[in-house]
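# Tertiary structure, described
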Amino acid sequence: AQSVTQPDIHITVSEGASLELRCNYSYGATPYLFWYVQSPGQGLQLLLKYFSGDTLVQGIKGFEAEFKRSQSSFNLRKPSVHWSDAAEYFCAVGDPRGGATNKLIFGTGTLLAVQP
Amino acid sequence: EAQVTQNPRYLITVTGKKLTVTCSQNMNHEYMSWYRQDPGLGLRQIYYSMNVEVTDKGDVPEGYKVSRKEKRNFPLILESPSPNQTSLYFCASSTALTDTQYFGPGTRLTVL
C-alpha cells in the first residue's frame, strides 16, 4: 500500500536561511508526487508536482523539489526563506494507474516557523 | 476566477442536528473529493465523486453522506453529527483523482 512519511513535525528556520523539508514515500513504482502549502486559515495550494522526466522540479514561490528514486524521497527546498513562508507543508503521492487506489495519500504535514 | 467555494466557513452545532456543508467549483472538473484534516493525521479522504451521480467511499466515510446531482456541486451531509466529527473539512476538485487537487478554503466544524 502507498504511504507517505514526513519525518519532521515542526521546523524553525531563520529568515534568509535555506530550507529542506523531507518527504519519503512507499510505493512499488514511480508515483505522482506533490507538495502543497497551507497558510494559516487557508486551503491548500499546490507548490509543485512531479509526474515524470527531469527529477528536479521548480515550483511557485521559489520552491523546488528533487525526486530521488533510490531513496524514495521527494524533498522540498528553498535557498532563502522569507517570513511569509511560515505555513504547514504537505507532501502527497498518487498512483498513476488510478483504479483501486484512485486518490492522493497525504503526509501528516510539517509546520514551518520562520524566525526574524 | 477559477475557484472552489465552501459554505459555511465556520459552524458550531450540537450532537444529532443534521447539517450540510456545500461545495461548488467553476472549473468544470469531473472529479470532486471531501477531506477532513485532523492534527497529526494529515488529510484523509471521506468521499469522492468521479462524475454526476457517481460517488464512492474514501478512507473515513462513516457518519457522512454525499450527493452529486450537478457537476459543479458536491455537498457533504452529516445526518447525525457526533463530537468525533469535529474537524477541518476541505472540498477539492480535479481533472483526475491522482492529479492536482484544487482546494476550497475549508470549513471548521465543531460538534458539541
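Think of each chain on its own: its residues are numbered from 1, step by step along the sequence as written. All chains are assigned letters beginning with A, and all ligands numbers beginning with 1, in the order in which they are written. It should be noted that, the model being predicted, local features are given only for residues of pLDDT at least 70 and side-chain atom pairs only at 80 or more, the latter also being counted only at that level, while totals for whole chains, interfaces and linings use all residues. Hydrogens and waters are ignored; side-chain quantities use all the structure's heavy atoms.

## Some remarks on the overall build of chain A
In this description a helix means any DSSP run of H or I spanning at least four residues, a strand means any run of E spanning at least two, and both kinds are numbered starting from the N terminus. Assigned secondary structure in chain A consists of 0 helices and 12 strands. Taken from N to C terminus, the helices and strands of chain A fall in the order β-β-β-β-β-β-β-β-β-β-β-β. The principal-axis extents of the C-alpha atoms in chain A amount to approximately 45 × 30 × 20 Å. Per-residue accessibility, obtained with a 1.4 Å probe over protein chains only, is compared with the maximum for each type, and a residue is labelled buried under 20%, exposed over 50%, and partly exposed between these values. Out of the 116 residues in chain A, the part that is buried amounts to 48%. Throughout, a residue-residue contact means that at least one pair of heavy atoms, one from each residue, lies within 4.5 Å. Considering only residue pairs separated by 6 or more positions, chain A has 55% of its internal contacts joining residues 24 or more positions apart. In this description, accessible areas are obtained by the Shrake-Rupley approach with a 1.4 Å probe, and a residue is regarded as covered only by the protein chains that are shown. When the accessible surface of chain A is summed, it comes to about 5,400 Å², and 50% of that surface belongs to carbon and sulfur atoms. Only four residue types enter the tally: Lys and Arg on the positive side, Asp and Glu on the negative side, with His and both chain ends excluded. Charged groups are reduced to one reference atom each: NZ for lysine, CZ for arginine, CG for aspartic acid, CD for glutamic acid. Within chain A, one finds 9 positive and 9 negative side-chain charges whose respective centroids are separated by 7 Å.

## Considering the side chain of B:Gln37
Locating B:Gln37 in the fold gives a position in strand E4 (residues 31–38). Relative accessible area serves as the criterion here: at 10%, B:Gln37 is assigned to the buried category.

## Quick look at the state of the cysteines
Residues and elements named next belong to chain B. In this description, a disulfide is simply a cysteine sulfur pair whose atoms lie within 2.5 Å. A complete count under the given rule lists 2 disulfides over all chains for this structure. Here Cys23 pairs with Cys91 through a disulfide, and the sulfurs are 1.8 Å apart. Negative torsions about the S-S bond denote left-handed disulfides, and the value of about -70° found for Cys23 with Cys91 makes this one left-handed. Residue Cys23 is found in strand E3 (residues 19–25), and its partner Cys91 is found in strand E9 (residues 87–94); the two are separated by 68 residues along the sequence.

## A few points about the interface of chain B and chain A
On the side of chain A, 22 residues touch chain B, which itself brings 20 residues to the contact. We count a salt bridge whenever a side-chain nitrogen from Lys or Arg sits within 4 Å of a carboxyl oxygen from Asp or Glu. One can count 0 salt bridges joining chain B with chain A. In the analysis that follows, any N or O atom pair within 3.5 Å is treated as a polar contact, provided that within protein one partner can donate a hydrogen and the other can accept it, and provided that, for residues neighboring in sequence, both atoms belong to side chains. Seen at the junction of chain B and chain A, the total is 4 residue pairs in polar contact (both at pLDDT 80 or more). Top contributing element to the side of chain B that touches chain A by residue count: strand E5 (residues 42–51) of chain B, with 4 residues.

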